[in-house]
Amino acid sequence: MNSALLTSNLPSLGAPRRGKVREVYDLGDCLLLVASDRISAFDVILANGIPDKGKVLNQISAFWFEKLGGICPHHMISISDEAIRERVGEGAESCFGRSMLAKKATPLPVEFVARGYLSGSWWKDYRSGMRTIHGVTLPDGLLDGSKLPEPIFTPATKAEEGHDENISFERASDILGSEMAAHLRDITLKLYEAAANHAASAGLILADTKFEFGLVDDQPIWIDEALSPDSSRYWEASGWQPGAAQPSFDKQFVRDYLETLDWDKTPPGPELPADVVAKTREKYLEAFQRITGRDLDL
């Protein structure tokens, strides 16, 4: 197993803008996005990472951008090692497989979430007795993990720190303008439907996912990551049974382990034991192989 890359080291490019996982370098005419192996849980970055996780995120995003680019234009220019070497120069090898050259765009301040199943924060609200949640009315009788009558659009505001906040479509329209909000709602649901159908062909359920969009010359394009295990809930279709949390292809092993600790879920994050790291890595690699139909380029 490779060691985890927790931070990139490209001094010739200057200091990057760092998120929880990605590091963004401004190359002038475009951006270099480097996906590290950092992993966060409960909005805290943990002490150690998951080897090759960043490569999974980068290459699965590239797969989806290429597959669904006909529905919405995207920011990806290239993830090829040759293109990265040409633009980065010295030190580029450390970022091979986990880097993307991307178009610059002005990010929109809303996350675009599609849900086909009841889970996560929406299940918590529903379980509390709510039936109209942020302007969307759901029927009685649903369980944790139930399939919704039809996929729904549930936007959220983007938080620099802490949790994103779910909002109504009306609120998203106030922020973006009604025409842009309606257009991107429709794009979000089209992307979700196409991705869910492909996932189903691989024996997976795409329960929900989030998209981000940005503007180039006032026109929206799909940016950030695409349908990765970090931004989506993938479940095993053969084992799906509403009424409990579903086994997922993401950092569930990490969350389950952390819940056993006497940790207050504030920084600094604890170090993960080797078995939790190995099992989490295995899930990310399996998700990649089943979705793309090939092994990860390591």
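Structure first, text after, so check above.
These notes cover the structure that comes with them. In this text the structure is predicted, and so the values were computed from the model without any measurement.

**Details of the overall build of the protein chain**
Scanning the protein chain from N- to C-terminus turns up seven helices and 17 strands. Taking 19 Å as the expected radius of gyration for a compact globule of 298 residues, we find that the protein chain reaches 19 Å, a close match to that expectation. Counting only C-alpha atoms, the protein chain reaches 60 × 50 × 40 Å along its principal axes. Counting over 298 residues, the protein chain shows a buried share of 50%. Taking contacts inside the protein chain between residues at least 6 apart in sequence as the whole, the part at least 24 apart equals 65%. For the protein chain, the accessible surface area stands at approximately 13900 Å², while carbon and sulfur atoms represent 49% of it. Averaging the positions of the 32 positive and the 45 negative side-chain charges in the protein chain gives two centres separated by 1 Å.

**With respect to the side chain of T280**
Summarising the element assignment, T280 is placed in helix α7 (residues 274-292). Contact partners of T280, with chain neighbours within four places excluded, come to I39, I50, D250, K251, F253 and V254.

**Describing the layout of surface pockets**
For the second largest pocket, the calculated volume is near 220 Å³. Every residue lining the second largest pocket is counted, 15 residues in all, and those nearest its centre are Y117, K147, Y192, A196 and N197. Contributing elements (two or more residues each) for the lining of the second largest pocket: β9 (110-117), β12 (147-153), α5 (178-201) and β15 (204-216). Looking at the lining of the second largest pocket residue by residue, the classes come out as ten nonpolar, two polar and three charged.

**Observations concerning the environment of A181**
Mapping A181 onto the fold places it in helix α5. In this structure, the C-alpha to C-alpha distance between A181 and F169, residues twelve residues apart in sequence, is 7.7 Å. If near-sequence neighbours (up to four positions away) are discounted, A181 is found in contact with F169, A172, S173 and L176.

**A closer look at the pattern of salt bridges**
For the coordinates displayed, the defined rule picks out 21 salt bridges. Residues R115 and D208 are paired through a salt bridge, measuring 3.8 Å at the closest nitrogen-oxygen approach. Within this pair, whereas R115 is found in strand β9, its partner D208 is found in strand β15, the two being separated by 93 residues in sequence. Taking the relative accessible area as the measure of exposure, R115 reaches 7% and is therefore buried.

**Examining empty space enclosed by the protein**
For the structure on display, the rule yields one cavity of 30 Å³ or more. The calculated volume of the largest cavity comes to roughly 60 Å³. Lining the largest cavity, in full, are R22, L33, V34, A35, L57, N58, S61, R98, M100, D224 and E225. Elements that contribute at least two residues to the lining of the largest cavity include exactly β3 (31-35) and α1 (53-68). Here the residues of the lining of the largest cavity are counted per class, giving five nonpolar, two polar and four charged.

**So, the pairing of strand β7 (residues 99-102)**
Of the two faces of β7, the one carrying S99 and L101 and the one carrying M100 and A102 are both buried. In terms of strand pairing, β3 meets β7 through four bridges, oriented antiparallel. Among the inter-strand pairings, L31 is bridged to a residue of β7, identified as A102. Here two bridges tie strand β6 (residues 76-78) to β7, and the two strands are oriented antiparallel to one another.

**Some remarks on the packing of helix α6 (residues 252-259) against α7**
Their axes nearest at 8 Å, the elements α6 and α7 cross at an angle of 150 degrees. Taken together, the axis directions place α6 and α7 in an arrangement best described as roughly antiparallel. Touching F253, V254 and Y257 of α6 are V276, K279, T280 and K283, all from α7. Along the lines of polarity and charge, the residues of the contact of α6 with α7 split into four nonpolar, one polar and two charged.

**Looking at the packing of aromatic side chains**
Scanning the model with the defined rule gives ten aromatic pairs in all. Ring plane angle 75 degrees and centroid distance 4.8 Å describe the contact between F65 and W222, whose orientation is recorded as edge-to-face. Here W222 lies in strand β16 (residues 219-223) and F65 lies in helix α1, a separation of 157 residues in the sequence. Of the residues examined, F65 reaches a relative accessible area of 0% and is grouped as buried. You can call W222 buried: its relative accessible area is 0%. Through a chain of ring-to-ring contacts, the aromatic side chains of F112, F153, F169 and F213 assemble into a single cluster. Taking the ring centre of F169 as reference, the NZ or CZ of R185 above it sits at 4.6 Å. Over the ring of F249 we find K283; its NZ or CZ atom is 4.5 Å from the centre of that ring.

Each value, and the rule that gives it
Residues numbered from 1 in each chain as written. Predicted model: local features only at pLDDT ≥ 70, side-chain atom pairs only at ≥ 80, totals over all residues. Heavy atoms only, no water. Helix = DSSP H or I, 4+ residues; strand = E, 2+ residues; numbered from the N terminus. Rg over C-alpha atoms; globule rule 2.2 N^0.38 Å. Buried < 20%, exposed > 50% of the residue type's maximum accessible area, 1.4 Å probe, protein only. Contact = heavy atoms within 4.5 Å. Areas by Shrake-Rupley, 256 points an atom, 1.4 Å probe, with all protein chains shown as cover. Lys, Arg positive; Asp, Glu negative; His and termini not counted. Charge placed at Lys NZ, Arg CZ, Asp CG, Glu CD. 1 Å grid on protein atoms, 1.4 Å probe; cavity = no way out; pocket = protein on both sides within 12 Å on 5 of 7 lines; lining within 4 Å. Points joined across faces, edges and corners; volume = space filled by probe spheres on them. Nonpolar A, V, L, I, M, F, W, Y, C, P; charged D, E, K, R; others polar. Salt bridge = Lys/Arg side-chain N within 4 Å of Asp/Glu carboxyl O. Pairing = 2+ DSSP bridges. Axes fitted to C-alpha atoms, helices over the stretch in contact; angles between N-to-C directions. Parallel < 35°, antiparallel > 145°, perpendicular 65-115°, else oblique. Phe/Tyr/Trp six-rings, centres within 6.5 Å; stacked < 30°, edge-to-face > 60°. Lys NZ or Arg CZ within 6 Å of the ring centre and 35° of its normal.

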